[in-house]
Amino acid sequence: MAGHRETFFHREPYFAQLYGRRFARMATAEDLISALDGAGVRAAVALNFGWSDPELCRLTNDYLLETARRFPGRIYPCVMVPFNRPDAALAELERTARGGAVGLGEVMPDGQGLDLDRPETLAPILETAARLGLLVVVHASEPVGHQYPGKGTVWPQRLERLYTAFPAVRFVFAHLGGGLPFYALMPEVKAALANVWFDTAALPLLYGPEAVRLAAKAAGPERLLFGTDFPLVNYGRMFDYLGRAGLSPTAELDELQGFFGGNARRLLGLKEEP
């Protein structure tokens, strides 16, 4: 796919929109492992794209599941299902959960035509994901600020409809949830976020580095997950960005120490390591 992406554009207009640009980066499993090794990172959760085509969902899911088997303990796969084909989606969720998937994502509501204003339409798929123990990773974006490819309209107020409709689903809202953690300063919002986590993917393109500590203070440090959006943002750039806020995986007694791995281990149910 990375070498012949243009052959898939006619099947997936949203893929063409995001990856038809000359500088849009794609990575193979070997690229990710090399990046992990170079950065001294033990493991990564790898997300699929928000496909709508059932065949492309299955093809790319198989690649992710195979990758997890080839690199045990290094790559934990999130898969994608065709939301526009509910029966096929449910069958694919069951199949991939048996095959070792840890989550569903990255769900891209704008690109996949999902109506977050009517969350009940997503109930069969999201409730099945919860029953299977899968995380649900959802793209999120800011209602203000600069525009960028793929930003979309998955704003905090729309995410609120999602997590309040499905309190049993363990959601991870990408890109700091479009700023949703800052609303956790409101007690009723913080209470409703009991089953929601936020990753820091692509944050160097969105916020100043102090945003991570501010989000941790508002929502709780246990709610934040280290993310890069690799290969768009590489590990070196992410560590430099976090370092400007005094955040480091080697820092001792920092309230955000779990952000670099412990929070993800607990979320995934993995054994703690020294």
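The structure this text deals with has already been given above.
Just so we're clear, the structure is a prediction, and the values are computed from it rather than from any experiment.

Parameters at a glance
Residues numbered from 1 in each chain as written. Predicted model: local features only at pLDDT ≥ 70, side-chain atom pairs only at ≥ 80, totals over all residues. Heavy atoms only, no water. Helix = DSSP H or I, 4+ residues; strand = E, 2+ residues; numbered from the N terminus. Rg over C-alpha atoms; globule rule 2.2 N^0.38 Å. Contact = heavy atoms within 4.5 Å. Areas by Shrake-Rupley, 256 points an atom, 1.4 Å probe, with all protein chains shown as cover. Lys, Arg positive; Asp, Glu negative; His and termini not counted. Charge placed at Lys NZ, Arg CZ, Asp CG, Glu CD. Core = buried A, V, L, I, M, F, W, Y, C linked by side-chain atoms within 4.5 Å. Buried < 20%, exposed > 50% of the residue type's maximum accessible area, 1.4 Å probe, protein only. Pairing = 2+ DSSP bridges. Salt bridge = Lys/Arg side-chain N within 4 Å of Asp/Glu carboxyl O. Right-handed = clockwise from strand over helix to strand, strands pointing away. Expected span 1.5 Å × (residues − 1). Arc of directions from axis to C-beta. Axes fitted to C-alpha atoms, helices over the stretch in contact; angles between N-to-C directions. Parallel < 35°, antiparallel > 145°, perpendicular 65-115°, else oblique. Left-handed = near helix turned anticlockwise from the far one by under 90°. Nonpolar A, V, L, I, M, F, W, Y, C, P; charged D, E, K, R; others polar.

Within the chain, the secondary structure is distributed over 11 helices and seven strands. Whereas a compact globule of 274 residues would reach a radius of gyration of roughly 19 Å, the chain reaches 18 Å, a difference of no more than 12%. The principal-axis extents of the C-alpha atoms in the chain amount to approximately 50 × 40 × 40 Å. If you take every contact in the chain between residues at least 6 apart in sequence, the share linking residues at least 24 apart comes to 72%. Carbon and sulfur atoms make up 55% of the accessible area of the chain, which amounts to about 12,900 Å² in all. Mean positive and mean negative side-chain charge positions of the chain (28 and 31 charges, respectively) differ by 2 Å.

Right, let's get into the nonpolar core. In this structure, Phe 171 and Phe 173 are the most contacted members of the largest nonpolar core, which totals 61 residues. It is helix α9 (residues 210-219) that contributes the most residues to this core, five residues altogether. In this structure Phe 173 touches Val 138, Leu 159, Leu 162, Tyr 163, Leu 180, Val 196, Trp 197, Phe 198 and Asp 199, once residues within four positions along its chain are discounted. Counting residues in hydrophobic clusters, the runner-up holds 12 residues, among them Ile 33, Ala 35, Leu 36 and Val 41.

The next subject is the sheet that holds strand β5 (residues 171-173). If you walk across this open sheet you meet the seven strands as β1-β2-β3-β4-β5-β6-β7, and the pairing is parallel. What marks the edges here is a single partner per strand, and that holds for β1 (44-46) and β7 (224-225). Bridging between strand β2 (residues 75-79) and strand β3 (residues 103-107) involves two bridges; their strand directions are parallel. If you follow Cys 78 over to β3, its bridge partner there is Gly 103.

Let us now look at the pattern of salt bridges. This structure, assessed with the given rule, holds 13 salt bridges. Across the pair Glu 92 and Arg 95 runs a salt bridge, and its minimum N-O distance is 2.8 Å. Here Arg 95 and Glu 92 lie together in helix α4 (residues 86-98), a separation of three residues that amounts to about one turn. Glu 92 gets classed as buried once you look at its relative accessible area, which sits at 6%. Its salt-bridge partner being Lys 151, residue Glu 142 comes within 3.8 Å of it at the nearest N-O pair. A single burial state applies to Glu 142 and to Lys 151, both of which are buried. Residues participating in the shared-partner salt-bridge network are Arg 58, Asp 62, Glu 92 and Arg 95.

Attention now goes to the pairing of β2. Along any regular strand the residues' side chains alternate between the sheet's two faces. Burial runs high along β2: five of the five residues are buried. Where burial is concerned, the two faces of β2 agree: the one with Ile 75, Pro 77 and Val 79 and the one with Tyr 76 and Cys 78 are both buried. One crossover worth recording links β1 to the parallel β2 by way of helix α3 (residues 54-70), and it is right-handed. What joins β2 to β3 is α4, and the crossover it makes is right-handed.

We now examine α4. A rise of 1.5 Å per residue sets the reference length of α4, with its 13 residues, at 18 Å; its end C-alpha atoms lie 18 Å apart and thus fit the reference within 8%. Ala 89, Glu 92, Leu 93 and Thr 96 are the residues of α4 that are buried. Each buried residue of α4 sits inside an arc of 105° when the element is viewed along its axis, so together they form one side. Among the exposed residues of α4, those oriented more than 90 degrees off its buried face are Asp 87 and Arg 98. Considering only its buried residues, α4 is in contact with α3, β2, β3 and α6 (123-131).

With that settled, the discussion passes to the packing of α4 against α6. Running from amino to carboxyl end, α4 crosses α6 at an angle of 15°, the nearest separation of the two axes being 10 Å. The angle between the axes of α4 and α6 places the two elements in the roughly parallel class. In this structure, α4 crosses over α6, and the sense of that crossing is right-handed. Contacts between α4 and α6 involve Ala 89, Leu 90, Leu 93 and Glu 94 from the first element and Pro 124, Ile 125, Thr 128, Ala 129 and Arg 131 from the second. In terms of residue class, the contact of α4 with α6 is built from six nonpolar, one polar and two charged.

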